[in-house]
Structures are given as C-alpha cells and as structure tokens.
Amino acid sequence: MRTIRILILFVGIIVSSTAYAQTFKASDLDGKWKRSDGMTISITGTAKFVEGSDALVIDVGNSGWPQSARMVAFKFRNLKHQGENKWLGVNYMHMPQSNYRKEDGKVDIIMADDKQSFRANGTTYTKQ
C-alpha cells in the first residue's frame, strides 16, 4: 500500500510540473525591454517578419550610446525565434570615437521562464 501511495505522489508531481511547463512563441520577445544601464529597446513583429525583427533603441541611458541614436538606431537586427526560449540575431555596438554603429557579431537571446527578462550575450534586459 505504501508503494502505491509513493507511486501516486510521484506521478502527481510529474503531471503537475508538465502541466505548468512554460511554452514560448516568437512574439514573446516583442515589447519594451530595459537593461541596468538604462538603455531601453523596443522589439516588434518577431512572429510576423520573415527576415526577423529589430530592436530599436528607445532610450540610451548610461550605455555610452549618444542621444542621437534614440529612435533611429538598432541594438539588434534580424531577430529570429530558434525554438523554445531562444532567439538569434545580429548585435550592433556604438563606436564613440567615430559616432558610428557597427555590426558586432551574433546575439544569442535566452528568455527566462517567466518571460519577464532575457539575457543577450551576458546582458540582462527586463520587461517594461
């Protein structure tokens, strides 16, 4: 009898954890996101654009990006959902000596289970 109770408890735990497993979709990345230095980005159309979506710089904060980058520059480009909680795109960086933005390799985005933050190449962005 004790074995049956333990088995029922074990099956119950597995079923309940499976029922609450988080599912992700491409559009989960859409929205406004802010990082600790105050840079805020806006991502839209991740589930709609075949070429991928872009992350427009809304506010530069203390990131080192110039105020002139607000609403015209992109932090990430061609963001595409890779499945589960992962997206891949192109990272851009600001070159202060020339006031130029250049491609800076790939960006791997991993979203947290609660969908309230993601990490992009080691930097955390939180949902606004």
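Above this text sits the structure in question.
Residues numbered from 1 in each chain as written. Predicted model: local features only at pLDDT ≥ 70, side-chain atom pairs only at ≥ 80, totals over all residues. Heavy atoms only, no water.

Attention shifts here to the sheet that holds strand β4 (residues 74-83). Pairing is antiparallel in the closed barrel, where eight strands are placed in the order β1-β2-β3-β4-β5-β6-β7-β8. Between one strand and the next, the sheet's axes are offset by a mean angle of 35°, whatever the strand orientation. (Pairing = 2+ DSSP bridges. Helix = DSSP H or I, 4+ residues; strand = E, 2+ residues; numbered from the N terminus. Axes fitted to C-alpha atoms, helices over the stretch in contact; angles between N-to-C directions.)

The next thing to look at is the packing of aromatic side chains. In total, this model carries three aromatic pairs according to the counting rule given. Where tryptophan 33 meets phenylalanine 118, the ring centres are 4.8 Å apart and the plane angle is 65°; that geometry is what we call edge-to-face. In this pair, tryptophan 33 sits in strand β1 (residues 31-35) while phenylalanine 118 sits in strand β7 (residues 117-120), placing the two residues 85 residues apart along the sequence. Ring centres 5.0 Å apart and planes at 15° place the aromatic pair phenylalanine 118 and tyrosine 125 in the stacked group. Residue phenylalanine 118 is classed as buried on the basis of its relative accessible area, which comes to 1%. For tyrosine 125, a relative accessible area of 1% translates into the label buried. By the ring-pair criterion, three or more aromatic residues cluster together here, those being Trp33, Phe76, Phe118 and Tyr125. The ring of phenylalanine 74 is capped by arginine 77, whose NZ or CZ atom sits 4.2 Å from the centre of that ring. One residue, lysine 115, lies across the ring of phenylalanine 24, its end atom 5.4 Å from the ring centre. (Phe/Tyr/Trp six-rings, centres within 6.5 Å; stacked < 30°, edge-to-face > 60°. Buried < 20%, exposed > 50% of the residue type's maximum accessible area, 1.4 Å probe, protein only. Lys NZ or Arg CZ within 6 Å of the ring centre and 35° of its normal.)

Moving on: the pattern of salt bridges. Applying the stated rule across the entire model yields four salt bridges. Put simply, arginine 35 and aspartate 37 hold a salt bridge, and the shortest N to O gap is 2.9 Å. When its relative accessible area of 22% is taken as the criterion, aspartate 37 is described as partly exposed. In this structure, a network of salt bridges that share partners links the residues Lys25, Asp28 and Lys115. (Salt bridge = Lys/Arg side-chain N within 4 Å of Asp/Glu carboxyl O.)

On to the side chain of asparagine 91, then. Counting through the fold element by element, asparagine 91 comes out in strand β5 (residues 86-95). In this structure asparagine 91 comes out as buried when scored by relative accessible area, which is 9%. One polar contact links asparagine 91 to lysine 75, side chain to side chain, over a distance of 3.0 Å. Once you skip the residues sitting within four places of it in the chain, asparagine 91 turns out to touch Lys75, Phe76, Lys102, Glu103, Asp104, Gly105, Lys106 and Val107. (Polar contact = N/O pair within 3.5 Å; in protein donor to acceptor, adjacent residues only side chain to side chain. Contact = heavy atoms within 4.5 Å.)

Within the fold, aspartate 37 resides in the loop between β1 and β2 (40-43). A polar side-chain atom of aspartate 37 sits 2.9 Å from a polar atom in the side chain of arginine 35. A polar side-chain atom of aspartate 37 sits 3.0 Å from the main-chain amide nitrogen of methionine 39.

Pairing between β1 and β2: four bridges, direction antiparallel. Among the inter-strand pairings, glycine 31 is bridged to a residue of β2, identified as isoleucine 43. Counting the residues that bridge the hairpin from β1 to β2 gives four residues, and of these glycine 38 lies at a positive phi of roughly 95°. Bridge analysis of β1 against strand β8 (residues 123-127) gives three bridges, and the strand direction is antiparallel.

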